[in-house]
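# Chains, contacts and geometry: an overview
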Amino acid sequence: MTGPPGNRAGREEPPPAELREAMARGLQEQFPGVRVWYGQATGSWWAMVPLRSGPRLVEADTFQQLRDAIMSARSRG
């Protein structure tokens, strides 16, 4: 039995599309200027984080890990 494309072993099933969009909007509101999305092909959460040194692309397996990665990137700035 195989999962959907991009669903790597050990990953949680992604939330429904409408919920993913709402979650992404919530992070974008929490971190103005950051663009957030869920990559269906990769099964990962992504964010483009603007920093003084230039934008940084971050990837995470879970939504919470992405939030943590955004905070970490911004703190290193």
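Refer to the structure above for everything that follows.
Reading the values: rules and limits
Residues numbered from 1 in each chain as written. Predicted model: local features only at pLDDT ≥ 70, side-chain atom pairs only at ≥ 80, totals over all residues. Heavy atoms only, no water. Core = buried A, V, L, I, M, F, W, Y, C linked by side-chain atoms within 4.5 Å. Buried < 20%, exposed > 50% of the residue type's maximum accessible area, 1.4 Å probe, protein only. Helix = DSSP H or I, 4+ residues; strand = E, 2+ residues; numbered from the N terminus. Phe/Tyr/Trp six-rings, centres within 6.5 Å; stacked < 30°, edge-to-face > 60°. Pairing = 2+ DSSP bridges. Axes fitted to C-alpha atoms, helices over the stretch in contact; angles between N-to-C directions. Contact = heavy atoms within 4.5 Å.

A few words now on the nonpolar core. As a rule of thumb, nonpolar side chains are buried together in soluble globular proteins. Core analysis: the biggest nonpolar cluster contains 16 residues, and Val34, Val36, Trp45, Ala47, Val49, Leu66 and Ile70 have the highest contact counts within it. Within the residue set of this core, elements represented by two or more residues are α1 (17–30), β1 (35–39), β2 (44–49), β3 (56–60) and α2 (63–76).

Here the focus is the packing of aromatic side chains. All told, the structure shown has 2 aromatic pairs when counted by the stated rule. Relative to Trp45, the ring of Tyr38 has its centre 5.2 Å away and its plane inclined at 65 degrees; by these criteria the two rings are edge-to-face. Here Tyr38 and Trp45 have matching classes, each one buried. Measuring from centroid to centroid gives 5.2 Å for Trp45 and Phe63, while their planes differ by 70 degrees, and the two rings are edge-to-face. Linking Trp45 in strand β2 with Phe63 in helix α2, this pair joins segments that are 18 residues apart in sequence. Under the relative-accessibility criterion, Trp45 is labelled buried at 3%. According to the relative accessible area criterion, Phe63 is partly exposed, its value standing at 21%. The rings of Tyr38, Trp45 and Phe63 are connected pair by pair, giving a single aromatic cluster.

In this section: the sheet that holds β1. Taken in spatial order, the 3 strands make up an open sheet running β1-β2-β3, and their pairing is antiparallel. The open sheet has two edge strands, β1 and β3, and neither has a second partner. With direction set aside, neighbouring strand axes in the sheet form an average angle of 20 degrees. Relative to β3, β2 is paired through 5 bridges, and the arrangement is antiparallel. In the sheet register, Val49 faces β3, and the bridge partner there is Arg56. Packing of α2 onto the sheet brings it into contact with β1, β2 and β3, and relative to β2 it is tilted by some 20 degrees.

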